[in-house]
Every structure is written in structure tokens, then in C-alpha cells.
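One letter stands for each residue in the lines below.
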Amino acid sequence: MNSDKLLEKINLNIKRCLEADFYFDKLIDSKKKLDSISEIEALPLTFKSELQKAGVNGRLATPMRNIVEYHESFGTTGIPISTMLTKNDFSQWANQISECAVDFSENDIVLVRFPYAISDPAHIVQAAAKEAGACVVPVSSRTFISPHRRVIDLLHKLKATVIGCMPLEAIMLGETAKLLGFNPKKDFPHLRAFCTAGELLSEKRKRYIEELWNVKVYNMYGTTETGNIASACNQGHLHVSSNHFYVEVLEPKNWKKVASGEQGILVVTTLTLEGMPLLRYVTGDIVTLLPVHKEHNCGKESDIICVYGRETEKIMANGNMLWPIEVQNAIYGNMAENMGAFWTVGSDGKGLLITCEAKEISLSEKCEQQISKELGCNVHLKLVEEGELFERSKLLDNTPVKKPCYMYTIADCSDICNYKRFDDVLEGYHVFR
């Protein structure tokens, strides 16, 4: 996008923002129309705490009659962040997913394994896949209706070609397949890709999933507040969706722009969001931003972003500051083929305690030295048998889900009374366990 067009879109976004009470007050003393892109640096930053305080009504920039969908963040601390989408917003969010090199088509059967409740990824991945002509199978995670073994059954029965899910879910499904007697590498020849989002995915963890299933993994990065900020090209790099976002990388101490390739906090300005537009929103994620080089040869022109983790998730060990992505890469890179499915990391400030399931636990000393050298801190690596960190039988739970049964015979009741409690009517709900 040329600079004139970008400036036009930024100014249009400022105009939208001013329709929200929150930004009307926040920008009262700020310039309302920029003459150059660099002038955006004079506008105030937007912090998550401000959005939480403003609430739904304070952030809404369009009449409620234009809103067609509502979502909230989950799994985060404090008050959830709300997002209200217009019909065009939802369409644009689906378009952002379509930029991913997974390239849905009419030949695909897509299992959508993101949770459908309240969060947005499942809905927009489903919309993007259907728009491309694919058949969508909604198999929401974190529900009794579609447990892991049922997903594997559908994957095999329907010959699904793509699974959309969190990275951890891809690993858990692989373990489930093994428990059911399948070889994930060989027994699903129709499966061609995973489309992942929702948690940090390092390059070496991505490689682990690709080797587990013998398919490509295409990652995406976004937030509930903004939509999908970046998606993977055919070479695996995350490219910023530049038609939808203007991004800055700032030093968190003075909020000045860092040099290209240096770490800083990602700040996002939306360019197409209508319902709840954002201006210089501080995501809290530590990233680097690099221009595309000719050798990438992927056809994408927008900047490449690398996400290191939340600023609040950094770990101090022996005076070194470690980011989650560095720890992930060190574990998966040095454990290599001995790597099991699950691991945990603890820190006391003096070093790291890494507990990891492994195929061969006698190799701990060698791996410990390698990880310690790579991270530059003391590491105690404890290798345990597969199944010790997570009981695999839980993946095979197939507790039946039933509709409520209101009618019964007296013979069904206990000797104590001649009626059923409503707890019994809701036996198959599994919500009140």
C-alpha cells in the first residue's frame, strides 16, 4: 500500500474512533486529521486497562443496529476485552484469515477445532473456509460433545484435509490418534495441513507438530481486540496484514520507535474495523519487525513479524531475561527425536526447572547441558516417562452427552422418594459436575 493510501486509511480510522465516547474524550486535545504518517506518533497510546474501564458502551463507534456479532477474550486476567463486529468487520476478519498460505479451497474438508464459545477464531476460520468453498466440520474444543477421540474418528471417516486448532490441540490429537492405534504420520494421507492460532508457536515447536503428522503447519497471530494481525506465507513467515493494520514496534520504557529488527512492544492501529476501532493499541506482545527480502520469494510484500511472547511472561534466570519463544526453541531443538508430547517450565530466578516427557529418560544430562548453554542460565532438566505429566486415558474419555429427559417411570426412582431430582434430568449436560 502506498503512503498516500495508508494515510487516508489512518485518517478514516481516526474519524471512526471519534464516534466512540472513549476516543472522543481521549483525543480531545489531539490532531484529528494527520498530514503525514509520522504524525501518528504524537497521538496517545491506547492501553488494555483503558479499554476494560471504558467497557462495551464506551468503545462502540457505530449504532448498535449495525452490530451483528459479539466476542470476548478468555484465558486472560482481569475484565475480559469485548469486541463488537459489524457485518463488514466480520467479512474483513475472514479476509484476514484468507491471507494465510493454507489456501482453503472447494477440495477441502476442514475440521474447526477452535472453541466456538465467546471467542472469535472458530467463527472467522469457518467463514474463510466456507467462502473458499470448503466443507466445514465444527468440532469445538473444550466440550463433551466433540471429545478428542470423536475428532480422530471424524478425521478418519470424512478424510478431512485441514484441521484448525491451537498448537497444543494438534499435539493432543496426535497422542489420541496413537492411543487409538493410528500412526499420525501415515494413516491420514488425506490430511494436508494444520491452521494454528491462539498461543505462542516457536519455529521448532511448529517443526515438532509437522513431523508428528507429516503435514505443513500454517500459523496465524492476532488478538480478540484487533482481529488476525499476521498469517504465515508458504515459507512459514508471519506477514502483517497491511491492508487492515498499521503497526509500530516501540521501546516500552520511553515509547519511542525501535530500529528495524529490534525487539519492542507491538502497537496496532486498525484500518478497517468499524464497530470498535483502535488507535495505537498496546498489545503487550514483544515482537520484531523486518522488511521482506527478495530471497523470501513468497509473493508477500508486507513486513515479517516474529512474536516472542507477552511482556509479562518474560522469565529472569541467572540475570538473563528469557522470552517464552526462546525457551520453547531450546527445549524442542535440543530434545530432538527424544521429545515427548508434554513439558513444563518453572523458575526461581536462579535457573530453570524443565520437566519433560521423553522416549528415553537416560539422556537427561546431555540435553540439560545443551539447553543450559543455549539459554545462558542454569537448567535442571528432569526427563520422565511418557504419560507421567499427563494421563493419556483422559484423551479417550467418551462420556455420552444426552438431551434432558423430563419424563420417567416411578420404577426409575430411588426407594427414598417417588420423584426425580432435576440433577438427574440434566445428567447428560456435564456442565454442573
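The rules behind each value
Residue positions are given per chain, counting from 1 as you read along its sequence in written order. With pLDDT at 70 or above as the cut-off, local features in this predicted model cover only qualifying residues; side-chain atom pairs require 80 or more to be listed or tallied, and sums for whole chains, interfaces and linings still use all residues. Excluded from the side-chain calculations are hydrogens and water; all other atoms, namely the structure's heavy atoms, are used. Side-chain rings of Phe, Tyr and Trp (the six-membered ring for Trp) are treated as a pair once their centres are within 6.5 Å; stacked means planes under 30 degrees apart, edge-to-face means over 60, and tilted covers the remaining angles. Each helix corresponds to a stretch of at least 4 residues labelled H or I by DSSP, and each strand to a stretch of at least 2 residues labelled E; elements are numbered beginning at the N terminus. Here the expected length of a helix is defined as 1.5 Å per residue gap, with one fewer gap than residues. Relative accessible area decides the class of each residue, using a 1.4 Å probe on protein chains only: under 20% of the type maximum gives buried, over 50% gives exposed, and in between gives partly exposed. We call two residues in contact when some of their heavy atoms are within 4.5 Å. Within this scheme, the nonpolar core is defined by two criteria: the residues are buried Ala, Val, Leu, Ile, Met, Phe, Trp, Tyr or Cys, and they are joined through side-chain atoms within 4.5 Å. Any Lys or Arg side-chain nitrogen located within 4 Å of an Asp or Glu carboxyl oxygen qualifies as a salt bridge. Note on patches: the residues involved have over 30% relative accessible area and no salt bridge, like charges join within 9 Å, and the nonpolar side chains Val, Leu, Ile, Met, Phe, Trp and Tyr join within 5 Å. A 1.4 Å probe and the Shrake-Rupley method give the accessible areas. Residues count as covered only by the protein chains that appear here. DSSP bridges decide pairing: two strands pair if at least two such bridges lie between them. An axis is simply a line fitted to the C-alpha atoms; with a helix, the fit covers only the stretch in contact. Between two such axes, the angle follows the N-to-C directions and lies from 0 to 180 degrees. As used throughout, the charge tally considers Lys and Arg to be positive and Asp and Glu to be negative, leaving His and the chain termini uncounted. In this description, the location of a charge corresponds to atom NZ of lysine, CZ of arginine, CG of aspartate or CD of glutamate. Here the word oblique covers every angle except those under 35 degrees (roughly parallel), over 145 (roughly antiparallel) and from 65 to 115 (roughly perpendicular). In this count, Pro and Cys sit with the nonpolar residues alongside Ala, Val, Leu, Ile, Met, Phe, Trp and Tyr, while Asp, Glu, Lys and Arg are called charged and the others, Gly among them, polar.

S.K.: Tell me about the packing of aromatic side chains, residues and numbers included.
M.R.: To describe a pair of aromatic rings, you give the distance between the ring centres and the angle between the ring planes. Counted by the stated rule, this structure contains eight aromatic pairs. Counting every residue linked through ring pairs, the aromatic cluster contains Phe-182, Phe-188, Phe-194 and Trp-213.

S.K.: For helix H7 (residues 167-179), give the residues involved together with the corresponding values.
M.R.: Along its 13 residues, H7 runs 19 Å from first to last C-alpha, staying within 8% of the 18 Å computed at 1.5 Å per residue. With ten of 13 residues buried, H7 is to be regarded as a mostly interior element. Those residues of H7 that fall on the buried side of the exposure criterion are Pro-167, Glu-169, Ala-170, Ile-171, Met-172, Leu-173, Gly-174, Glu-175, Thr-176 and Ala-177. Turning to H7, the residues buried within the fold contact helix H6 (148-158), strand S5 (162-165), strand S6 (193-196), helix H8 (203-213), helix H9 (324-335) and strand S16 (339-347). Looking one or two residues beyond H7, the residue adopting positive phi is Gly-181, at roughly 90 degrees.

S.K.: So what about the nonpolar core? Which residues, and what values?
M.R.: Core analysis: the largest hydrophobic core is formed by 47 residues, its most contacted members being Leu-155, Phe-194, Trp-213 and Met-335. Dropping the residues within four chain positions of it, Met-335 is found in contact with Cys-356, Glu-357, Ala-358, Cys-367, Leu-381 and Leu-383. With 28 residues, the next largest nonpolar core counts Ala-94, Cys-100, Val-102 and Tyr-116 among its residues.

S.K.: Can you break down the side chain of Lys-206 residue by residue, with the values?
M.R.: Tracing the chain through its elements places Lys-206 in helix H8. Given the relative accessible area of 8%, Lys-206 is considered buried. Not counting the four nearest positions on each side in its chain, Lys-206 is found in contact with Leu-201 and Val-217.

S.K.: So what's going on with the pattern of salt bridges? Residues and values would help.
M.R.: Proximity of charged atoms lets side chains of opposite charge pair with each other. A complete count under the given rule lists 17 salt bridges for this structure. The salt bridge partner of Glu-175 is Lys-178, with a shortest N-O separation of 3.2 Å. You can see Glu-175 and its partner Lys-178 sitting in helix H7, three residues apart, about one turn around the helix. Close ionic contact of Glu-203 with Lys-206 constitutes a salt bridge, the shortest N to O distance being 3.6 Å. Within this pair, Glu-203 and its partner Lys-206 are both found in helix H8, separated by three residues, close to a single helical turn. Each of Glu-175, Lys-178, Glu-357 and Arg-392 takes part in one network of salt bridges that share partners.

S.K.: Which residues make up a nonpolar patch on the surface, and what are the values?
M.R.: Where nonpolar side chains cluster on the molecular surface, the patch consists of Phe-144, Ile-145 and Val-401 and spans about 250 Å² of accessible area. By secondary structure assignment, the location of Val-401 is in the loop between strand S18 (378-385) and helix H11 (422-425).

S.K.: I'd like a rundown of the sheet that holds S16, residues and numbers included.
M.R.: The mixed open sheet is built from three strands, whose spatial order is S16-S17-S18. Of all strands in the sheet, those with a lone pairing partner are S16 and S18, marking the two edges. Going across the sheet, the axis of each strand differs from the next one's by a mean of 20 degrees, ignoring polarity.

S.K.: An account of the pairing of strand S2 (residues 82-86) is needed here, citing residue identities and associated values.
M.R.: When you tally the buried positions in S2, you get five out of five residues, the bulk of the element. The side-chain alternation of S2 yields two buried faces, one formed by Ser-82, Met-84 and Thr-86 and the other by Thr-83 and Leu-85. Strand direction decides the pairing type here: strand S1 (residues 67-72) and S2, joined by five bridges, are antiparallel. Following the sheet pairing, Glu-72 is matched in S2 by Ser-82.

S.K.: Quick one: what's the story with a negative patch on the surface, residue by residue and with numbers?
M.R.: A contiguous patch of negative charge on the surface is contributed by Glu-360, Glu-385, Glu-386 and Glu-388. In this structure, Glu-388 sits in the loop between S18 and H11.

S.K.: Go over the packing of H6 against H7 with me, naming the residues and quoting the values.
M.R.: Each pair of packed helices gets described by two things: the angle between the helix axes and the distance between those axes. Look at H6 against H7: their axes get within 9 Å of each other, and the N-to-C directions meet at 80 degrees. Taken together, the axes of H6 and H7 are roughly perpendicular relative to one another. Residues His-148, Arg-149, Val-151 and Ile-152 of H6 touch H7, and the partners they reach there are Glu-169, Met-172, Leu-173, Thr-176 and Ala-177. Grouping the amino acids of the contact of H6 with H7 by side-chain chemistry returns five nonpolar, two polar and two charged.

Interpretation note: all reported values are geometric properties and have no functional meaning in isolation.
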